[in-house]
Amino acid sequence: MKVSLNWLGRYVDIKVPLEQLCDKMVQAGFEVDGIEDLSQTMDNVVVGRILKLEKHPDADKLLVCQLDVGRGDPVQVVTGADNVFEGALVPVALHDSRLPNGMYIKKGKLRGVESNGMLCSGEELCLKEDDYEGAEVHGILILKEDCQPGTDMRSVLGLDDVIIDFSVTANRPDCQSMLGIAREVAVVLGESLRRPQPAYKTKGGDVNDYISVTVEDYDLCPRYVGRVVRNIRIAQSPEWMKRCLRAAGMRPINNIVDITNFVMLETGQPMHAFDLRHVRGGKIIVRRAEEGEPMTTLDGKQHKLNKEMLVIADAEQPSCLAGIMGGLDSEITEDTTELFLESAKFRRDCVRRTARALGIRTESSARFEKGVDIMGVGYTMERALQLIDELDAGDIVEGVIDRNQGLPKDRVLKVSVSGINGLLGLDIPAGTMVEILNSLSVKTTLSGDTLTCEVPSFRDDIEGRADIAEEVMRIYGYDHIVGTTMRGNIVRGRKPHDRLCADRIKSLLVSQGLNEIVTYSFISSKALDMLGLAEDDDRRRAVTLRNPLGEEYSVMRTQLVSSMLSVLSTNYNRKIPSVRFFELSKVFIPDSVPITRQPEERPALAIGLYGEDEDFFTLKGIVEEIFSAFGISPAFERSSEVYLHPGRQAAVVVNGVAAAVFGEVHPDTAERFGIETRAFIAEVRMDMLVSAEKTLVLYKPLPRFPAVERDLALVCDAGLPVAEIEGIIRSSGGKNLESIELFDVYQGTQIEKGKKSVAYRLVFRSAESTLKDEDVDAFLNKIIRKLNEKGCNLRS
Amino acid sequence: MKEKLEQLRSQVLESLDKLSDKKELDELRVRVMGKKGQLTELLRGMGALPPEERPKAGQLVNSLRVELEAKFDEIEARMEEQLKNSRLAEETLDITMPGKRRKLGGLHPLNSVLEELIDIFRPMGFDVVDGPEIETEYYIFEALNVPKDHPARDEQDTFYLTDDILLRTQTSAAQIRVMEHLKPPIRIISPGRVYRADEVDATHSPVFHQVEGLVGDKGITMCDLKGVLEQFAHEMYGPETKVRFRPSFFPFTEPSVEVDVSCGECGGKGCRVCKGSGWIEILGAGMVHPNVLSVCGIDPEEYSGFAFGIGLDRLTTTRHKISDIRLLFENDRRFLEQFSR
C-alpha cells in the first residue's frame, strides 16, 4: 500500500520525524517495504518570470533572458528555445542545480554571454502531460499563473512529498486504504483521526424514476448501493486531487473518473460509474452469468463467461464484470450527461476466481479479492457524492437504492483480562487494554475481569480472545514480552529410528570420503527416457504435477539415479576430475496412476562415483560397508538394470529380495547424460536396509586353540565367479573352517588363455582342541576334489 | 701370577680405551673372558701353583674377572646408547610434511545446519517428527484455519497433484498430524522439504526446507515462546544475540509474529548485511490459533501452545554467507567440499 505523506496529513497530524513514524508502524504490524522521497528527484529548480528577452549578440538562435527568480537582482540565462516570451513563468535550473534526468547545471558562458542556469523543458524535468499540462509541448515548459517566482518547482509539481510503501498483511484488508492506514497511524502516534463526514446537496428528483436495481444472487453480492447524478459536467479535477492520484500511481482522467478512483484509494471500496444512456431498459440486474455468455470489457477484450461469474447486467446483456471491469459500451465519456453510481460488496473468492479465469487484474478486483467492509459500501457512496457536490461535477438526484438482506450489527465479544494476560504471559492492566481497544475503534468496556468489545464490521478478522490479545499486544508493544523458561518435566527429545539409521549411514559414507548432495524431488519425464527405462517399467508409473513450473520439474521421482547422474554430469562437465557423492531422499511410489490418495514416500539412498581411483569394486566396497554396518551379510547376484553395464552390475540380495542395485553406468546412459568417463552408481532401498538390521550383537567366545593356515592356489575358467569357488570351499570345509580369504587373482602370460589363477588362505580352527595336520588335510582333500569337479584345479 | 694378572689388566684396560665399535668389544671379550681366553688360560695355569697359593690366586683372578666384566658391560651399555642416539638422530622427520589421511566427505550444508538445529532443540525436550511431503488440502489448509477462498490456496502458489492432493507448502501440516495423535504436553520439531511454485532465482527455489516447532500444554505463554527462541538464537548465533518480535499474520497462529535476531555482523548497529536495520528476520511464529487446537480435539480453553517455522535454506545461506540459493542444489564438488569436516 503506497501512502503519500501529504495525503495522509489530510486525516491525521504527523508531528514526528519520518523514521519514527515508520518504526512505530513496523512495531504495530505494518512493515515498510520502501520509502521514496520525491523531493530527491531535483534540486535548486525554481519558478522564474521572464522580465526581458533579447537576441544574443553573436548567435541568431540564442536568446538572453533576464529572470525574476524571487530573490534579489534578476538572473541572466541564455536559452535556445523559441516558445518563450516576456512575462512567461518558466522553470529555471539555477547555478548548482540537479535535474531528474541526472544532469547537473552550472553557470557558464554561451558564445561569450554569461548564463547563470538553464530554462527547462517538460522533458528535462521528466514530466508527462498527466503530470503538468503542457509538459509534452516542444520547448520550455510554460507554467500556469497560479505560482510565484522563486517557488521551488518541487512544490509546484507536488514533489515535496514522501511515498511510504506499507506492507499490509492478508488479515487487514481494511488497511488497503488511506483512511485505514490513517486510523493505525493515529493510534500509534496518539493523535486523533479526521474522518471526512460526508454532506452534500441534492437537486430533487427520485432515483427510482431513473433506474431499478435487482440483486438475484445475494450470496455473491451481499450489498448493492446505487445513486443517480444528472447534468454531469465533465472537467479536469483540481490539482490537489490529481496529486493524490499521481502519488498513488494513478493517472488523472476527468473529475468523475478521478472521484471514483480517489474514494477507492481513500476508503478501500471500489466504485463503478455507468453512463445511464447505455443502461438498457433502465434496469440493473446483479446476476450470475449464463454459461458461455459473451462480454467485451472496456479494454476491448472479448470473454466467454460461465455460471460461476457475477455480472452487472442491464435488461439485455452484461455491462460490467462485477468488481473487476466495466463493459466496453458503458464507459463514461466526454458527452456523458447522466450517471449511475455503484458501490457494492462482492464475494471475494468469486471476484478472485473470475479475475484469474479471465486473466484480468485491476485495482478494483485486487481490493474485492482481499475483502471490503459491508458497512463501508454506504459511506463510500456518500463520500463520492460529497466530492461530486464539492467539485460541482453534477446534480445529485434524491434517493438511494440499497439492496441487501440485512446489515450486520457490530459483533460483541466478551473476553477475560486474565485470559489475555495468561496467553501473553504478561500482566497488562485492564485499563490499558480498554484504552488501546477503543483507540482501534473496538468499543470496549470493563466489568470485573471481563472486557466487552464491540467489533466494527471492518474488523471481521477479530473473532475471539486470541485476536483481542493480538490487538492489545501490537499496540502495547512486543518489547514487553520477556523470554521465560517453560514449566514441566523435560526429557531429552527423541529422534525417529529411521533418522537415527540415516545418521549412521551418513557418517559412514562421510568417513568413506563421500559428500552429500541435495536435489529436487521432481524431475523431467525425459530423465526416465535417458535412463532407457522400458515403456512398462514400474518406475514410469509416477505422480505428476498438475501445474509444474515446466516439463523439467513435472514428475515426482520414483528413483534417485537420474538426479545423481545429472549431478555427476554437471561436475564432469565442469572439469572436476573425480567425485564421490551420496543422496538420501524420498522416492514417491503411487499405488495407482492417476493417484486417488497420497503415494508411499519411500526413503532411498543413491551413491555416485567417478574418477581415476574408482571402479566397480570401490563402489562394491562402499555398498558392503553399508550392509555390514547393519549387521547384514547379503548375497551379490547378477542383475539386469538397463542403465548399468550388463557385465558390471549386481543386486544386493537380502532375505531373497534385492535391497540394492549397483554397478558401472552403461556407456549409452552415460552418453545420454553427457558423462564421458566411467561412472559408478548404486541405489539402496533404505526401508529394507533398516528393517533387515541385525540389532543385537551376541558374544562368541574367543578362540582358545591355535589355528592352522593353508594356502590354495587354483586355476580355473576365467568366467567362473569366485563366489562359486568360495561356496564350494565353504560347503566342503567342515565346521572347523574358520575363514576364507581371497588374496590373489591373476590372469596373464603365466596362465593358459581363458583361465585365471586364484589364491586363497584358509584358516581352520577347532573350538575344542588343537587341530592336527591330518584333520585339516582330510577336509582340504575333500575341498580340492569338489573343486576339481568344477574344473578348478590346483596350480602346478 | 700377580704380575701376570696385573699385566693382563692394564693390557685389557688399554685395549678397551681404543675400541671403536661393538664388534671389537665382543671380540675382545671373547679373547679375554672366553673359554679359551687369556683370563681362563691364567686360571688354568693356576694348577702349576703350590696348593697354598691357589686360593689366593683364585681370589685375585676372580676379582679381576668381576672387575673386567663390569668394565665390559659398562662400555657395552655406553656403546648401545650411542648407537640408539645416532639411529634416532638419523630418523628425524620433516614434521611439516602432510599427514597421511583418508579424505573425509561431508554432509550437505543444509543438513549439517539442520543437525545443529536438532541438537539445540532436542535437549529442550523437543521430539523430532516427520510428516509426508505429499499432503491433502485438509492438512495444509483447512485444519490450519486457511479458509476456502484464501489466496494461499491458489494454483499459482501451490503445486497440485489432484484437486485434493498437493505438495506441502509448509511443514505446519505436521502440527495437525501430531496433535491428532498426541495430546498435550507436546513438544516437537518437524523438519522437512516443502514446495512452492516460485521460479528459480538467487533467493527462490521451488523446493526448500523448513523446520516446524510446536509446543502445547497448560499455561503456555508468549513469553515461553520468546524464551525458547532466545535459547535457540543464543546457541545458533552466540550468547549476545537479541531476539525481537514484530506483529505479523499467519492463519494458524494468533497472535502471530515475525522474529528478528540482532545482526551478528554489526551487533545491531546497522550494516549492509541487515540493510541498516540492525536486525535479521529469521522465522515466523505465534500462539497456536484456537481454531487449530479445536480441530485437533484439544480444548483451547484448557490448553495453549505456540508454533514456529524456520526457513532452513535461508538460515543456511546466511549462516555460511552463501550468496545464491541455487548453489545448494547444484552440488558442485568444490562447493560441497568446503563443508567437509
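Scroll up to find the structure.
Residues numbered from 1 in each chain as written. Chains lettered and ligands numbered in written order. Predicted model: local features only at pLDDT ≥ 70, side-chain atom pairs only at ≥ 80, totals over all residues. Heavy atoms only, no water.

(A) Just the pattern of salt bridges, in detail. Applying the stated criterion across every chain, the model contains 89 salt bridges over all chains. With its nearest N and O atoms 2.5 Å apart, the salt bridge here joins R546(A) to D163(B). Residue R546(A) is located in the loop between α15 (525-531) and β29 (555-556), and its partner D163(B) is located in the loop between α6 (137-142) and β3 (165-167); the two belong to separate chains. On the basis of relative accessibility, which here comes to 40%, the residue R546(A) falls in the partly exposed class. For R574(A), the salt bridge identified is with E330(B), shortest N-O distance 3.0 Å. (Salt bridge = Lys/Arg side-chain N within 4 Å of Asp/Glu carboxyl O. Helix = DSSP H or I, 4+ residues; strand = E, 2+ residues; numbered from the N terminus. Buried < 20%, exposed > 50% of the residue type's maximum accessible area, 1.4 Å probe, protein only.)

(B) Quick look at unusual backbone geometry. A cis amide bond links V593(A) with the next residue in sequence, P594(A), at an omega value of -5°. Secondary-structure assignment places P594(A) in the loop between β30 (579-589) and β31 (600-610). A cis amide bond links P184(B) with the next residue in sequence, P185(B), at an omega value of 0°. Tracing the chain through its elements places P185(B) in the loop between α7 (173-181) and β4 (186-195). Notably, K575(A) is not glycine yet its phi reads approximately 65°, a positive angle. Mapped onto the secondary structure, K575(A) falls in the loop between α16 (561-573) and β30. Note on K575(A): relative accessible area 72%, which makes it exposed. Of note in this structure, N145(B) is not a glycine but carries a positive phi near 70°. The topology assignment puts N145(B) in the loop between α6 and β3.

(C) Representation of the interface of chain A and chain B in the model. On the side of chain B, 96 residues touch chain A, which itself brings 84 residues to the contact. Interface area for chain A against chain B, summed over the two sides, is near 7500 Å², with a carbon-plus-sulfur share of 51%. Put simply, E31(A) and R246(B) hold a salt bridge, and the shortest N to O gap is 3.0 Å. There are 39 residue pairs in polar contact (both at pLDDT 80 or more) connecting chain A and chain B. (Contact = heavy atoms within 4.5 Å. Buried area = accessible area lost by both parts, 1.4 Å probe. Polar contact = N/O pair within 3.5 Å; in protein donor to acceptor, adjacent residues only side chain to side chain.)

(D) Representation of the nonpolar core in the model. In terms of nonpolar packing, the biggest core is built from 124 residues, with F522(A), F121(B), F232(B), F245(B) and F308(B) touching the most fellow members. Tallying contributions element by element places helix α8 (residues 222-237) of chain B first for this core, with eight residues. The residues touching F232(B), leaving out its near neighbours within four places in the chain, are L117(B), I120(B), F121(B), M124(B), I282(B), L283(B), I310(B) and L315(B). Core analysis: the next-biggest nonpolar cluster, separate from the first, contains 52 residues, I259(A), F262(A), V263(A) and A393(A) among them. (Core = buried A, V, L, I, M, F, W, Y, C linked by side-chain atoms within 4.5 Å.)

(E) Quick peek at helix α2 (residues 22-33) of chain B. Residues and elements named next belong to chain B. The end-to-end C-alpha distance of α2 is 16 Å, a good match for the 16 Å that twelve residues give at a rise of 1.5 Å each. When we look at burial in α2, the residues that qualify are L25, L28, R29, V32 and M33. The buried residues of α2 occupy an angular sector of 105° when projected down its axis, which confines them to one face. Away from its buried face, by an angle of more than 90 degrees, α2 presents the exposed residues K23 and V30. Buried residues along α2 sit in contact with α1 (2-18), α3 (38-44) and α4 (54-90). The N-cap of α2, judged by a side-chain oxygen 3.3 Å from the amide nitrogen of K23 a few residues on, is D21. (Expected span 1.5 Å × (residues − 1). Arc of directions from axis to C-beta.)

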